[in-house]
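Examination of the molecular architecture
One-letter residues, chain by chain:
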Amino acid sequence: MDQRYHPKEIEEKWQNFWESQKLFKVTEDRNRKKYYLLEMFPYPSGKIHMGHVRNYSIGDVVARYKKMRGFNVLHPMGWDAFGMPAENAAIEHGVHPAKWTYENIANMKAQLKRMGFSYDWDREFATCDVSYYKWEQLFFLRMYEKGLAYKKRSFVNWCEICKTVLANEQVMSDGTCWRGHADDPGVTQKEFDQWFFKITDYAEELLEWCDKLPGWPERVLTMQRNWIGKSVGAEIHFPLENSEEVIKVFTTRQDTVFGATFMSLAPEHPLALSLSKGTSQEEAVRSFVEKMRRQDWRKRTAETTEKEGVFTGAYCLNPMTKARMPIFVANFVLMEYGTGAVMAVPTHDQRDFEFAKRYGLPLIVVVQPGDGKLSAETMTEAYEGEGVLVNSGQFNGMHSAQAREAIAEYLEKKGLGGKRVSYRLRDWGISRQRYWGAPIPIIYCDRCGTVPVPEKDLPVVLPANVEVTGMGESPLAKLKEFVETRCPKCGGPGRRETDTMDTFVESSWYFDRFACPDYDEGPLDKKRVDYWMPVDQYIGGIEHAILHLLYSRFFTRVLKEMGWVSVDEPFTNLLTQGMVCKEVYECPRDGYLFPEEVEGQGEGFRCRKCGGQISVGRLEKMSKSKKNVVDPEYLIEKYGADTARMFCLFASPPEKDLDWSDQGVEGSFRFLNRVWRLFSEQHGRLKDVKAVPFGTALEGDQKLLRQKTHKTIKKVTEDIERFHFNTAISAIMELVNEIYLSPVKDQADELSKRVMREAIETVALLLSPFVPHFAEELWEALGEKRSIIQREWPDYDREAVLEEEVLIVIQVNGKLRDRITIPASFGENEVKAWALKSERIRKLTEGKEIKRVILVPKKLVNIVC
RNA sequence: GCCGAAGUGGCGGAAUUGGUAGACGCGCUAGAUUCAGGGUCUAGUGGGAAAUUGCUCCCGUAGGGGUUCAAAUCCCCUCUUCGGCACCA
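Residues numbered from 1 in each chain as written. Chains lettered and ligands numbered in written order. Predicted model: local features only at pLDDT ≥ 70, side-chain atom pairs only at ≥ 80, totals over all residues. Heavy atoms only, no water.

**Things to note about the overall build of chain A**
Secondary structure assignment for chain A yields 25 helices and 34 strands. Across its three principal directions, the C-alpha atoms of chain A cover 105 × 85 × 65 Å. Burial status across chain A gives 54% buried among its 865 residues. Within chain A, counting contacts between residues at least 6 apart in sequence, those at least 24 apart form 71% of the total. Surface summary for chain A: the accessible area is close to 39,000 Å², and the carbon and sulfur share equals 49%. Counting 122 positive and 128 negative side-chain charges, chain A places the averaged centre of each group 2 Å from the other. (Helix = DSSP H or I, 4+ residues; strand = E, 2+ residues; numbered from the N terminus. Buried < 20%, exposed > 50% of the residue type's maximum accessible area, 1.4 Å probe, protein only. Contact = heavy atoms within 4.5 Å. Areas by Shrake-Rupley, 256 points an atom, 1.4 Å probe, with all protein chains shown as cover. Lys, Arg positive; Asp, Glu negative; His and termini not counted. Charge placed at Lys NZ, Arg CZ, Asp CG, Glu CD.)

Next comes the structure, spelled out in structure tokens:
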């Protein structure tokens, strides 16, 4: 063993060893308990970042620990390889997306290997592999058959300069395109034919199962429940005047229906134009609808935007009061929610109130709050609370809640509507007018319409010979040999769908595919998938709390119905790790600065470019644009992968944000060096020594050291189980500190050496999930032949951790007054007697009546007087 | 506005069930390592008062109130920060 710790050499050595021995390769072993540990796979951007290092270090601790505990651990890694950055690289540098992607993968894979993660690399795949996405096309076809994939015209974000659809995330908060054009006119809404997945069919189920995921963080479940947004209410039919037709509305406040004095339609509502047709309002409505359509969506839907609208010229009737209600088109009504039409009750809805005031529409109070009397003439805002119904016919006197039930029942009975549930969740639009994605397997034929590609013709391979410019339509649409095809039904000329699928589709089932990545008779080998699924522990960033995690839950349900998988939920336990943050320096003139561009210290930071004063950097998530990233490559180079892993795990608990600290990294490195020195001093004399066996009777320092050793095993085991890696590491540090101070370290007798051997061996074993290369090297230095990962996790000796003496805290009236050390075997009365005998306590209680003595076994005595 | 999470030394954080607040690390201080620097080892380190030395006391977990023998932990109110949703009918 070298005198000094050289991380680079040993890390390379053990990485090669693990790889050559295939130590992390797993197969289905029905005699062993499986454990599926998964971290969210990365997008191959080219380099790993600290977020990856943290995420995968956390996962690796659990994977290695579970393996040592005897589980058959599946710990795979792959690549979320379709997506826009590849196309941007093509636009900017003229590299083909495929080339760019696969080169990045090779680079990042090498980096991950240098981190020493315990992946079964034989299961690796990239989602842009035809052998992967062809099965996704099969899923699409099966979903199409069941009506779960459908095409619909809808409004989407449109950038006039790029001539392409943008995802919501690609629209900046000021309503412009993310590419940042000069004179950007702003993103508008454009009607488009788009493919959708019918996730709304599963809204209720997805919501219900939120209560059956005890292994998920509550805040993620809350966000999902929020996103699904269930509302219980009623549908009410408002007959149109002089017509058989009705306008259907959804409301959660059917108790206020007697107060509905007008009707509001979304500008996109089909009745908006048709009702006004031929009336004097036709032109006004048309121009209003046009204006709304052109308007920036964000601005239109902001709460602060003033309510405005236009009369359609038509009326409907309140089904309860038969009152004549003018029908308006209003900017604040959303076509996507409910029915796209809202019954307006200005007295009990603030939006309707504002609208009514602006256009002089009537107000009728129908709910009276408990205290004062509301009056339509004097009210200055809507009363949205509950109360007792008035002006509501046979429902007068009922309380709101009661009235909602009664009115819903009444509507049902009269065929005017009834109880309904509405969700905020919308269907998942998966069409992307992009090249670098999985083609949607559909052919359009003038004669047969929309025709799915027959399964035997799959895959629809993404053609390689395209030119990606970023302008105009999807590059696929310009590729004749791709677009032009034969109709599978009639054999006539057909055109291929040129949209590709949203990349979230790939990440919705990759975890299933990891169970059988080589299977080529179908998407999933059920036997293997059933063995491994569900994922026992999933680890990733909170930013996927809704999107990826909700889509995956939806996809799992679909795949279950199709018989591909057997589980209801894909992820039993979820850990959402915090972000990696570092301080940012921002100069008022030169923007964000790299730390090298800042001089001075403390309050006196100055910009090197302009000399301007810089406010002390606040902590923000590491990002290139904020110039506060730390490159893992640099860390590995300077300190080694083990130090990088150690720091990420020690600096804060996994679910909290991690504040970067160069000194903290130094500290972790220092600790490893300290352990190294201990081993290099001890390993020679302890090499052929066997650890003391369980149950050995010891005295004095030997006993104390052994006790600490076993207490540490217990603590570290419990801490890893509950993911408190920072405290697990601190417990190991304590053990190391104790070893340094223990006289046993320098004693030459056989028993001392055996106690020492056990202590030191334990340090290596407990460290192994955290700093695996380092631990392997220590292990080898102790003369062990097998890899440390093949050794079972240590168990603690129940007798060794037993305390013979315990420290009892003595309180008087709840205040700490004395401490005594007494034999642990003392009974309740003995402990109390000793506590009262204490000199200090006697002084304090002198002349007072002792009212009560409370005893907490092995902890404290509280004397009340 | 609604929902959720959090607030503990100079800093990151610990305290698993209400029972010694501040483990461990960083930083800082002192001593040792027969120069300095670095490294290492040892000790100290919440604030304040007291102190002819260790057997002293008070305050202290964002702030205020409460429950309890006992509160960082439970309850109520207020403040701050972060996150999600937000004209959703």
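**Observations regarding the pairing of strand E5 (residues 188-197)**
Relative to E5, strand E3 (residues 149-159) runs antiparallel, the two being bridged by ten bridges. Across the sheet, the residue bridging to Ser-154 is Phe-192, located in E5. Note that E5 and strand E15 (residues 428-429) share two bridges and pair antiparallel. Bridge pairing links Phe-197 to Trp-428 in E15. (Pairing = 2+ DSSP bridges.)

**Quick look at the protein's contact with RNA strand B**
The local shell around RNA strand B holds 60 residues, among which Thr-251, Thr-252, Arg-351, Arg-819 and Arg-840 are the closest. Contact distances for RNA strand B include 2.7 Å between a sugar or linking oxygen and a side-chain N or O atom of Thr-251. Between RNA strand B and Asn-726, the relevant distance is 3.2 Å, taken from a phosphate oxygen to a side-chain nitrogen or oxygen of the residue. Considering every element that reaches the surface near RNA strand B, the biggest residue donor is helix H21 (residues 725-741), with eight residues. Residue classes in the surface near RNA strand B are distributed as 21 nonpolar, 17 polar and 22 charged. (Near = heavy atom within 4 Å. Polar contact = N/O pair within 3.5 Å; in protein donor to acceptor, adjacent residues only side chain to side chain. Nonpolar A, V, L, I, M, F, W, Y, C, P; charged D, E, K, R; others polar.)

**So, the sheet that holds strand E33 (residues 852-856)**
Strand order in this open sheet of four strands is E32-E31-E34-E33, and the pairing throughout is mixed. Bordering the open sheet on either side are strand E32 (815-823) and E33, each of which pairs with just one other strand. Strand-to-strand twist in this sheet, taken as the mean axis angle between neighbours without regard to direction, amounts to 20°. Alignment of strand E31 (residues 805-812) against E32, held across eight bridges, turns out to be antiparallel. Each residue of the ladder has a partner; that of Glu-805, found in E32, is Pro-823. (Axes fitted to C-alpha atoms, helices over the stretch in contact; angles between N-to-C directions.)

**Let's talk about the packing of helix H2 (residues 50-68) against helix H20 (residues 700-721)**
The contact between H2 and H20 brings their axes to 11 Å, and the two run at 125°. In terms of their interaxial angle, H2 and H20 are classed as oblique. In the crossing of H2 with H20, the sense of the turn from one axis to the other is left-handed. Across the interface between the two elements, Val-61, Tyr-65 and Lys-66 of H2 pack against Thr-717, Ile-720 and Glu-721 of H20. Split into classes, the residues belonging to the contact of H2 with H20 amount to three nonpolar, one polar and two charged. (Parallel < 35°, antiparallel > 145°, perpendicular 65-115°, else oblique. Left-handed = near helix turned anticlockwise from the far one by under 90°.)

**Notes on the side chain of Lys-745**
Considering the arrangement of structural elements, one finds Lys-745 in the loop between H21 and helix H22 (750-767). If sequence neighbours within four positions are ignored, Lys-745 has contacts with Leu-678, Glu-681, Gln-682, Arg-685, Ile-739, Tyr-740 and Met-756.

**Things to note about the environment of Gly-695**
Considering the arrangement of structural elements, one finds Gly-695 in the loop between helix H19 (662-686) and H20. Sequence separation between Gly-695 and Ala-800 is 105 residues; the distance between their C-alpha atoms is 7.3 Å. Those residues in contact with Gly-695 that sit more than four places away from it in its chain are Arg-706 and Asp-797.

**Quick notes on the sheet that holds strand E29 (residues 619-621)**
Taking strand neighbours across the sheet as the criterion, the three strands line up as E29-E24-E30 in an open arrangement whose pairing is mixed. With one partner strand each, in any of the chains shown, E29 and strand E30 (658-659) form the two edges of the open sheet. Looking at chain direction, strand E24 (residues 580-583) and E30 are connected through two bridges and run parallel. Counterpart to Val-580 in the pairing with E30 is Leu-658.

**A few points about the pattern of salt bridges**
The full count for this structure, using the stated rule, is 58 salt bridges. Of the charged contacts in the structure, one is a salt bridge between Glu-455 and Arg-142, with a shortest N-O distance of 2.7 Å. Linking Glu-455 in the loop between strand E18 (449-452) and helix H13 (480-483) with Arg-142 in helix H5 (residues 130-145), this pair joins segments that are 313 residues apart in sequence. Judged by relative accessible area, Glu-455 falls into the partly exposed class, the value being 34%. Residues joined by salt bridges that share partners form a network here, namely Glu-205, Arg-553, Arg-557 and Glu-569. (Salt bridge = Lys/Arg side-chain N within 4 Å of Asp/Glu carboxyl O.)

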